[in-house]
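# Summary of structural features
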Amino acid sequence: MSARVLSQPDAGGVGPANAAFFAAIIDQAPVGAYFVDDQFRLTLVNAIAGHVFAPVEPVIGRDFAEVLRELRGAERSLHVERIFRQVLATGESYISPGAESASGRSYEWEARRVTLPGGRHGVACYFTDATARERARSDALHEISALRQLQEFSVRLFQQDHVSELHQQILR
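Cut-offs used in this document
Going along each chain's sequence as written, the residues are numbered from 1 onward. In keeping with the predicted nature of the model, local features appear solely for residues at pLDDT of at least 70, side-chain atom pairs appear and are counted solely at 80 or more, and the whole-chain, interface and lining totals rest on all residues. Side-chain numbers come from the whole structure's heavy atoms, not from hydrogens or water. To qualify as a helix, a DSSP run of H or I must reach at least 4 residues; to qualify as a strand, a run of E must reach at least 2; elements of each kind are numbered from the N terminus. Burial here depends on accessible area, computed with a 1.4 Å probe over protein chains only, as a share of the maximum for the residue type. Under 20% is buried, over 50% is exposed, and the range in between is partly exposed. We call two residues in contact when some of their heavy atoms are within 4.5 Å. We count a salt bridge whenever a side-chain nitrogen from Lys or Arg sits within 4 Å of a carboxyl oxygen from Asp or Glu. Here, a strand pair is defined by DSSP locating no fewer than two bridges between the strands. Side-chain rings of Phe, Tyr and Trp, where Trp is taken by its six-membered ring, are said to pair if the distance between their centres is within 6.5 Å; with planes under 30 degrees apart they count as stacked, over 60 as edge-to-face, and otherwise as tilted. Should the NZ of a Lys or the CZ of an Arg lie within 6 Å of a ring centre and within 35 degrees of the ring normal, that charge is described as sitting over the ring.

## As for the overall build of the protein
- Check the secondary structure of the protein and you find five helices and seven strands.
- The order of helices and strands in the protein, counted from the N terminus, is β-α-β-β-α-α-α-β-β-β-β-α.
- Sorting the 172 residues of the protein into buried and exposed places 30% on the buried side.
- Restricting to contacts in the protein with at least 6 residues of sequence separation, those with at least 24 account for 44%.

Written out as structure tokens, the structure is:
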């Protein structure tokens, strides 16, 4: 799956060759990337992001809020929509505070305002799938908890054995 781009008229000297070059760079990025324009439409989705948006294809040219609602449900999508609108309005980037779950997957992501050809603004979102790392982290925390319980049990057992030994010595 390669990057899909909403066709737009040439603006600001960006020719078809430059647009194709840009799309190739984004498509080959090692992270998911997609772009939302100032009209809140999805304008570019790279190959990695395409897998996330696949259940609601086609997405290019569609209202981003509508796509979010289809993917995440009305309530869960509202949070992300507000973040994107805030980034678009203020230019203040957003970086997720940690892995956020969606559809059983965990993603770390950020949204940044970008200047589009012609001087308009849009939002670029970059994300990585952190599912394997989050599962490993959760597994490690469970292992640590089990080891602590084993340690506490060993200490209690040792103390009981020690008390029992002392008790036997006193009885002799």
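## Digging into the pattern of salt bridges
- A complete count under the given rule lists six salt bridges for this structure.
- When the shortest N-O distance is used, the salt bridge between R120 and D38 registers 3.2 Å. Taken together, the positions of R120 in the loop between β6 (105-115) and β7 (121-129) and D38 in the loop between β2 (32-36) and β3 (42-45) put the pair 82 residues apart, joining distant regions of the chain.
- Among the residues examined, R120 registers a relative accessible area of 31% and is labelled partly exposed.
- We classify D38 as partly exposed; its relative accessible area is 33%.
- One salt bridge in this structure joins E110 and R112, with 2.4 Å as the shortest N-O distance.
- Here E110 falls in the partly exposed class, since its relative accessible area comes to 22%.
- By relative accessible area, which is 34% here, R112 ends up partly exposed.
- Three or more residues are tied together by salt bridges with common partners; here these are R62, E66 and E70.

## Side note on the pairing of β2
- For β2, the tally of buried residues reaches five of five residues, placing the bulk of the element in the interior.
- By the alternation rule, side chains of β2 split into G32, Y34 and V36 and A33 and F35, which are all buried.
- Bridge analysis of β2 against β7 gives five bridges, and the strand direction is antiparallel. In the sheet register, Y34 faces β7, and the bridge partner there is C125.

## Here's the deal with the packing of aromatic side chains
- The final tally for this structure, using the stated rule, is ten aromatic pairs.
- Between Y34 and F84, the aromatic rings sit 6.1 Å apart at their centres with planes inclined by 10°, giving stacked as the arrangement. Taken as a pair, Y34 in strand β2 and F84 in helix α4 (residues 74-90) lie far apart in primary sequence, 50 residues in all. By the burial criterion, Y34 is buried, and F84 matches it.
- With centroids separated by 6.1 Å and ring planes inclined at 20°, the aromatic side chains of F84 and W109 adopt a geometry described as stacked. One end of the pair, F84, is in helix α4; the other, W109, is in strand β6, and 25 residues separate them in sequence.
- For F84, a relative accessible area of 0% puts it in the buried group.
- A connected cluster of aromatic rings, assembled from ring pairs, spans Y34, F40, F53, F64, F84, Y94, Y107, W109 and F127.
- Sitting above the plane of the F40 ring, R85 keeps its charged end 3.8 Å from the centroid.

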